[in-house]
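Tertiary structure, described
For reference, the chains in residue letters:
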Amino acid sequence: MIAILFIAFLIFLLIGIPIAFALGLSAMVYLLFSDIPLIVIPQKMYAGLDVFVLLSIPGFILAGNLMNAAGITQRIIAFCNALLGHIRGGLGLANVGASMLFGGISGTAIADTASIGSVMIPAMEKEGYDKGFSCAVTATSSTLGPIIPPSLPMIIAATLTGLSVGKLFIAGIIPGLLLGLGLLGLTYFISVKRKYPKKKRASWMTMAKSFYQAFWALMMTFLILFGIIGGVFTPTEASIMAVVYALAIGLLVYKELKWVQLPKIILDSAKMTASLMVLVGFANLFAWIMTVEEIPQMIASGLLGLTENKFLILLLINVLLLFVGAFMETIAALLILFPVLLGVALHVGVDPVQFAIIMVMNLVIGLTTPPVGVCLFVASSIGNISLEKISRAGFPFLLVSLIILLLVTYIPEISLFLPGLFYD
């Protein structure tokens, strides 16, 4: 029966069925062969969705879309250019810096790649940067989005473990900053080596003006983070506050958001939310079947049968997650594998908060890993470049990401210091 479940799932994926429906259809095939009543499908889907914190997801999605429509991308890029443009390879550095700041608003890697890339890739190419380099910087730095709070994958991880969303948000700050600094350092090194251009240093007045224009957008991240950490509101209430804030900034401060745009923005946000919730529901059904078949116990026994050494177990888990992340969407992989692997991690003494950060980092790095890294496809389509070229140009950035991942994996304090400071 286990073979039937996974063979059906792979067949549905190979014929091009979206992963959410592949999970649901393979689960239905299993139920039919097992002679289990199909009423289990809506029961388990509802059980997966009946989690209060999931109500925050539509709010954060809508807030991000509202801020995008308000012209936030251009303001953040202008601010980063004013700060970093005078350094060798300044546009590349601004690209990474914008992703660090924008990630705190979008919370998703794909949104970051599309929004930042549509502006920065053509601009970098126009200034004389290699197209492969421009696309690789954009795709790789977009992985900062799901690590720096607010983060949709972190919300999902919290619902699967019962951990505090605020604790996971704050645990991602130092790993996200480390990854950002690593990418900035590599971008500068390559830019100096290839003699990429630099601009004239911006005046203090220009810097101040660009900071003022970006200030209200950046404040949204602080509103969410410190509101949750300070106990002012729950993650769900924070998402609603973010929507109200985004509306006020877009309509009254930036004045680029128009009332006529709101119906489309709301509809797009509803579609994104619905697709995500369908995925959550079917993934819960799939996870229930795996639990019934004791697959988590089998995987745990298999890994622990190889070794009970904490460092080797974490290395094996990292390899598995990087492989899965290269082929499967982040949230789908998180829903299926997180409960399975968490038990193994806890058995060898890994803190659940640290493991959540390790899991999310692995899976988002997979988005930039060939052959099917989604962010690579988005960046390559914007830059009109082959996947082979962007993969080759992105290899050094992937290497830096893996080094930071290993540091986060084997130095618990990187992800646990701030939660311990604020929550313990």
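Everything discussed here concerns the structure shown above.
For clarity, every value in this text was computed on a predicted model and none was experimentally measured.

Let us look at the overall build of the chain. Of the regular secondary structure elements, the chain holds 21 helices and zero strands. What you see for the chain is a C-alpha radius of gyration of 21 Å, in line with the 22 Å of a compact globule of 424 residues. The principal-axis extents of the C-alpha atoms in the chain amount to approximately 70 × 45 × 45 Å. Counting the 424 residues in the chain, one finds 54% classified as buried. Sequence separation of at least 24 residues holds for 78% of the intrachain contacts in the chain that already meet a minimum separation of 6. Within the structure as shown, the chain displays about 18,000 Å² of accessible surface, and the carbon and sulfur contribution to it stands at 71%. Here the chain contributes 21 positively and 17 negatively charged side chains, and the mean placements of these two sets differ by 21 Å.

Moving on: the side chain of Thr409. Turning to its location among the elements, Thr409 is positioned in helix 20 (residues 387–410). Contact partners of Thr409, with chain neighbours within four places excluded, come to Leu314, Asn318, Gln354 and Ile358.

Taking 1.5 Å per residue as the helical rise, helix 15 (residues 295–306) with its 12 residues ought to reach 16 Å, and the 17 Å between its terminal C-alpha atoms agrees with that figure. The complete set of buried residues in helix 15 reads Ile295, Pro296, Ala300, Leu303 and Leu304. Seen from one end, helix 15 has its buried residues packed into an arc of 160°, which puts them on one side. Turned more than 90 degrees away from the buried face of helix 15, the exposed residues are Ser301, Gly305 and Leu306. Residues of helix 15 that are buried sit in contact with helix 1 (2–14), helix 14 (262–292), helix 16 (310–325) and helix 17 (330–347).

Attention now moves to the environment of Ile57. Mapping Ile57 onto the fold places it in helix 4 (residues 56–69). Through-space distance from the C-alpha of Ile57 to that of Ile7 is 32 Å; in sequence the pair is 50 residues apart. In contact with Ile57, other than residues within four places in its own chain, are Leu152, Ile155, Ile156, Leu276 and Met277.

This part takes up the packing of aromatic side chains. Per the counting criterion, the structure on display carries 12 aromatic pairs. When the ring of Phe215 is compared with that of Trp216, the centres are 5.2 Å apart and the planes differ by 80°; the resulting orientation is edge-to-face. A centroid spacing of 5.5 Å and a plane angle of 35° characterise the contact between Phe311 and Tyr410, whose relative ring orientation is tilted. Of this pair, Phe311 sits in helix 16 while Tyr410 sits in helix 20, and the two are 99 residues apart along the sequence. When its relative accessible area of 49% is taken as the criterion, Phe311 is described as partly exposed.

What counts, and where the lines are drawn
Residues numbered from 1 in each chain as written. Predicted model: local features only at pLDDT ≥ 70, side-chain atom pairs only at ≥ 80, totals over all residues. Heavy atoms only, no water. Helix = DSSP H or I, 4+ residues; strand = E, 2+ residues; numbered from the N terminus. Rg over C-alpha atoms; globule rule 2.2 N^0.38 Å. Buried < 20%, exposed > 50% of the residue type's maximum accessible area, 1.4 Å probe, protein only. Contact = heavy atoms within 4.5 Å. Areas by Shrake-Rupley, 256 points an atom, 1.4 Å probe, with all protein chains shown as cover. Lys, Arg positive; Asp, Glu negative; His and termini not counted. Charge placed at Lys NZ, Arg CZ, Asp CG, Glu CD. Expected span 1.5 Å × (residues − 1). Arc of directions from axis to C-beta. Phe/Tyr/Trp six-rings, centres within 6.5 Å; stacked < 30°, edge-to-face > 60°.

Remember that the coordinates give geometry; whether it matters functionally is a separate question.
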